[in-house]
Amino acid sequence: MKSEAVRVLEANGNGQEGSFIYYLHEKDTFHEDSYWELYHAMIDLIEATKQEPYLERGISATVSKVFSYIYRSFMWNFCPHDQYSIRGLPDEGRFPDRVDRLEEVFSAYFNGISVNRAVMESDIPTRIGKPAARALAHAGYGRLDQLASISERELLKLHGVGPKAVGILRRELEEKGLSFAPDAVPRKS
């Protein structure tokens, strides 16, 4: 597991063909499959190294290099004075989520903490906030489509889920052609 994760990391660090960095640098493209390959490699690397008392300098230098290059690429893309442009970026709703996920796994590596795979692999956007994301995960909701079985009122009863999170989730569901379950109509006596 660690050796495969290091291979993916090093391929990115060297900009090898097929790596996420390769697509950003050589193709000016946000390549989803290579993004997720790097993301999962980082989670595997975290799990393989979190108990080690000292991080290997070579691996850590590559982690830092990859993280830095990705963030600089995103910065150049949005800089009005730079002509660099990345094609295929996730839409405005999903791009911050992708950035947050990368930040979390790179930070987790250096801090030696585990990343909850179920939460991080969920398609529920991280911009709802960590308390709301934890509340949903604890209640067993790991995918957006599962939220179509619950009403907004029921969702708001979960500790950590507020109106802002519900609004974000409502828009995400609508993009998928889904909606929250209707609120139960009280019976007349």
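Structural notes, computed from the coordinates. Here the structure is a predicted model, which means the values were calculated and not measured.

So, about the packing of helix H4 (residues 57–78) against helix H5 (residues 95–111). With their axes 11 Å apart at the nearest point, H4 and H5 run at an angle of 160° to one another. Accordingly, the angle class assigned to the pair H4 and H5 is roughly antiparallel. The crossing of H4 and H5 is left-handed. For the pair H4 and H5, the contacting residues are Ile59, Ser60, Val63, Ser64, Val66, Phe67, Ile70, Tyr71, Phe74 and Phe78 in the first and Phe95, Val99, Leu102, Glu103, Phe106, Tyr109 and Phe110 in the second. When grouped by side-chain class, the residues that make up the contact of H4 with H5 number 14 nonpolar, 2 polar and 1 charged.

This paragraph deals with the nonpolar core. The biggest cluster of nonpolar side chains holds 32 residues, and the ones touching the most others in it are Met42, Leu45, Ile70 and Phe74. Those elements that provide at least two residues to this core are helix H1 (2–13), helix H2 (20–26), helix H3 (32–49), H4 and H5. If you tally residues by element for this core, the top one is H3, at 8 residues. Setting aside its immediate chain neighbours within four residues, Met42 contacts Leu9, Val63, Val105, Phe106 and Tyr109. Listed in part, the 18 residues of the second largest apolar core include Ala133, Leu155, Ala165 and Ile168.

Moving on: the side chain of Thr29. In this fold, Thr29 is placed in the loop between H2 and H3. A distance of 3.3 Å separates the side chain of Thr29 from the side chain of Arg87, its partner in a polar contact. The contact partners of Thr29, leaving out residues within four places of it in the chain, are Tyr23, Leu24, Ile86 and Arg87.

All right, on to H5 then. For H5, spanning 17 residues, the distance from its first C-alpha to its last is 24 Å, which sits close to the expected 24 Å at 1.5 Å a residue. Of all the positions in H5, only Phe95, Asp97, Arg98, Val99, Arg101, Leu102, Val105, Phe106, Ala108 and Tyr109 are classed as buried. Following H5 by one or two positions, Gly112 adopts a phi angle in the positive range, close to 65°.

Let us now look at H3. Along its 18 residues, H3 runs 26 Å from first to last C-alpha, staying within 8% of the 26 Å computed at 1.5 Å per residue. Residues of H3 that are buried include every one of Ser34, Tyr35, Leu38, Tyr39, Ala41, Met42, Ile43, Asp44, Leu45, Ile46 and Thr49, and no others.

Our next topic: the pattern of salt bridges. When their charged atoms lie close together, side chains carrying opposite charge are able to pair. Considering all chains together, one arrives at 9 salt bridges under this definition. The salt bridge involving Lys50 is made with Glu47; its shortest N-O contact spans 3.0 Å. Of the charged contacts, one joins Glu152 and Arg170 as a salt bridge, the two residues approaching to 2.9 Å between their closest N and O atoms. With Glu152 in helix H8 (residues 152–156) and Arg170 in helix H9 (residues 163–175), this residue pair connects regions lying 18 residues apart in the sequence. The exposure class of Glu152 is partly exposed, given its relative accessible area of 26%.

Conventions adopted
- Residues numbered from 1 in each chain as written.
- Predicted model: local features only at pLDDT ≥ 70, side-chain atom pairs only at ≥ 80, totals over all residues.
- Heavy atoms only, no water.
- Axes fitted to C-alpha atoms, helices over the stretch in contact; angles between N-to-C directions.
- Helix = DSSP H or I, 4+ residues; strand = E, 2+ residues; numbered from the N terminus.
- Parallel < 35°, antiparallel > 145°, perpendicular 65-115°, else oblique.
- Left-handed = near helix turned anticlockwise from the far one by under 90°.
- Contact = heavy atoms within 4.5 Å.
- Nonpolar A, V, L, I, M, F, W, Y, C, P; charged D, E, K, R; others polar.
- Core = buried A, V, L, I, M, F, W, Y, C linked by side-chain atoms within 4.5 Å.
- Buried < 20%, exposed > 50% of the residue type's maximum accessible area, 1.4 Å probe, protein only.
- Polar contact = N/O pair within 3.5 Å; in protein donor to acceptor, adjacent residues only side chain to side chain.
- Expected span 1.5 Å × (residues − 1).
- Salt bridge = Lys/Arg side-chain N within 4 Å of Asp/Glu carboxyl O.

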